[in-house]
Amino acid sequence: MDNFKWFSLDNYSPSKDPSIWRDLIYKRVTVINLIGSSDSDLEPADLFLSYLFKELPDYALKFSTGKFMSIASEMTVGEFQDTASYLGSYDEYRNLESKIYEMASKMGPPGFDFDAYNELRATPLSHFSSAHLFLSINTNHDDKTISDEVLSAVRKHRRIYEQNGELLDEEFSDFISDVWLATHINKPINDHTFSNWYMYGVLPYWDLKTWSMLAGVKLTLEEASLKIWPDGFGNAETIRKTTKKYADSVITWQTLNRLQALSD
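As a convention, each chain's residues are numbered from 1 in the sequence order in which they are written. Per-residue local features of the predicted model are confined to residues with pLDDT of at least 70, and side-chain atom pairs are confined, for both listing and counting, to 80 or more; whole-chain, interface and lining totals are unaffected and use all residues. Only hydrogens and water are set aside when side-chain values are computed; all heavy atoms of the structure are taken into account.

Asker: Describe the side chain of arginine 22, naming the residues involved and giving the relevant values.
Answerer: If you trace the backbone, arginine 22 turns up in helix H1 (residues 18–36). Only protein chains enter the accessibility calculation, which uses a 1.4 Å probe; a residue whose area is less than 20% of its type maximum is buried, one above 50% is exposed, and one in between is partly exposed. Given a relative accessible area of 14%, arginine 22 falls into the buried group. The term polar contact refers here to a pair of N or O atoms within 3.5 Å; inside protein, the definition further demands a hydrogen-donor-capable atom paired with an acceptor-capable atom, and it admits residues adjacent in sequence only when both atoms are side-chain atoms. Side-chain polar atoms of arginine 22 contact the side chain of aspartate 23, separated by 3.0 Å. Helix and strand labels come from DSSP, where a helix needs a run of H or I of at least four residues and a strand needs a run of E of at least two; each type is numbered from the N terminus.

Asker: Describe the pattern of salt bridges, listing the residues and the values that go with them.
Answerer: Salt bridges are identified by distance alone: a Lys or Arg side-chain nitrogen within 4 Å of an Asp or Glu carboxyl oxygen. The full count for this structure, using the stated rule, is five salt bridges. Arginine 28 is the partner of aspartate 207 in a salt bridge, and the nearest nitrogen-oxygen pair spans 2.8 Å. Of this pair, aspartate 207 sits in helix H9 (residues 202–215) while arginine 28 sits in helix H1, and the two are 179 residues apart along the sequence. With respect to class, aspartate 207 is no different from arginine 28; both count as buried. Residues lysine 144 and aspartate 148 are paired through a salt bridge, measuring 2.7 Å at the closest nitrogen-oxygen approach. Residue lysine 144 and its partner aspartate 148 are located together in helix H6 (residues 143–163), separated by four residues, close to a single helical turn. Classification of lysine 144 as exposed rests on a relative accessible area of 56%.

Asker: Describe in detail the packing of aromatic side chains, supporting the description with residues and values.
Answerer: Aromatic rings from Phe, Tyr and Trp, taking only the six-membered ring of Trp, are treated as a pair when their centres fall within 6.5 Å; an angle between ring planes under 30 degrees marks them as stacked, one over 60 as edge-to-face, and anything in between as tilted. Under the criterion given, the structure shown has 14 aromatic pairs. A ring pair is formed by phenylalanine 194 and tryptophan 197, whose centres lie 5.5 Å apart and whose planes are at 75°; its orientation type is edge-to-face. Within this pair, phenylalanine 194 and its partner tryptophan 197 are both found in helix H8 (residues 191–199), separated by three residues, close to a single helical turn. Just as phenylalanine 194 is buried, tryptophan 197 falls in that class too. By the ring-pair criterion, three or more aromatic residues cluster together here, those being Phe4, Trp6, Phe7, Tyr12, Phe53 and Trp211.

Asker: Explain the packing of H1 against helix H12 (residues 253–263) residue by residue, including any values.
Answerer: Each pair of packed helices can be summarised by the angle the axes make with each other and by the distance between the axes. Running from N to C, H1 and H12 point in directions that differ by 150°, and their axes come no closer than 9 Å. Taken together, the axes of H1 and H12 lie roughly antiparallel to each other. Relative to H12, H1 is oriented so that their crossing is left-handed. Taken together, the residues of H12 that come into contact with H1 (itself represented by Pro18, Ser19, Trp21, Arg22, Ile25, Tyr26, Val29 and Thr30) are Trp253, Thr255, Leu256, Leu259, Gln260, Leu262 and Ser263. Residue composition of the contact of H1 with H12, by class: nine nonpolar, five polar and one charged. Lines fitted to C-alpha atoms define the axes, with helix axes restricted to the stretch in contact, and inter-axis angles between N-to-C directions lie between 0 and 180 degrees. Should an angle fall under 35 degrees it is called roughly parallel, over 145 degrees roughly antiparallel, and 65 to 115 degrees roughly perpendicular, with every other angle called oblique. Should the near helix be turned counterclockwise from the far one by less than a right angle, the crossing is left-handed, whereas a clockwise turn marks it as right-handed. Contacts are residue-level and defined by heavy atoms, with any inter-residue pair within 4.5 Å sufficient. Here the term charged refers only to Asp, Glu, Lys and Arg, the term nonpolar to Ala, Val, Leu, Ile, Met, Phe, Trp, Tyr, Cys and Pro, and the term polar to all other amino acids, Gly among them.

Asker: Mind laying out the confidence of the model for the protein chain, listing which residues take part and the relevant values?
Answerer: Residue-level confidence of the predictor is summarised by pLDDT, bounded by 0 at the bottom and 100 at the top. Confidence along the protein chain averages 76 in pLDDT terms, with 70% of residues attaining 70 or more. Here helix H7 (residues 178–184) stands out as the element of the protein chain with the lowest mean pLDDT, 35, in contrast to helix H10 (residues 221–228), whose mean of 96 is the highest. Contacts for the low-pLDDT stretch residues 58–71, under 50 throughout, to residues beyond four places or in other chains number 18 contacts. Long-range and interchain partners of residues 164–185, a stretch whose pLDDT sits below 50, account for 23 contacts in this model, where long-range means more than four residues apart.

The structure is reproduced here in structure tokens:
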């Protein structure tokens, strides 16, 4: 008996629209949580298919109209902890944080000063950071745009420390090193990226693998390849060497955040 009779390539169409990929990936990064919190009588594997190929509840597909986790989404947990620990060493920052919490605890009428509260929250973290400026480079932009933005950020950061009377390192700008850029930039997401995601069957492979896990059904790489590429384009080795790696990096919140930025 074919355990995967639900599977059809008709459910997967090529697209170069980042908003379409955003919605498709959003379903997949949230579907397990939706299953876990559902009070449906359906089995998890059946509920998975229901969520995946039908409209999700309206609330589930709403995105922020602003930048979606514009900074924090590019930070690892370790980087966030390091940043929080570093900022915590500044008396000025701790005092500011206390003021914000104190005002927040008194929010609401009568007489709450929203302007003062928002002004405190808008204080740039660069006022408390070290002389090192950490950048997240969006490589989708052209070279001139990237270099102009980097120089602008460096000059602004430098002015802050000059105004604060702090001693600047003569080689201050050298922190933008080849090593930093090589290890912290993401590859661009463009039409070629979307073509590869489709060609190497990222979504159908992820769906097959996840459904088989929920249903307790064994799925070999050979079986998956025959379903994804009935024309013989790929095989088990294609999945092992390429598709699995794509799936591990594509079906993530980080990729979702980047697609949201491209969709704005």
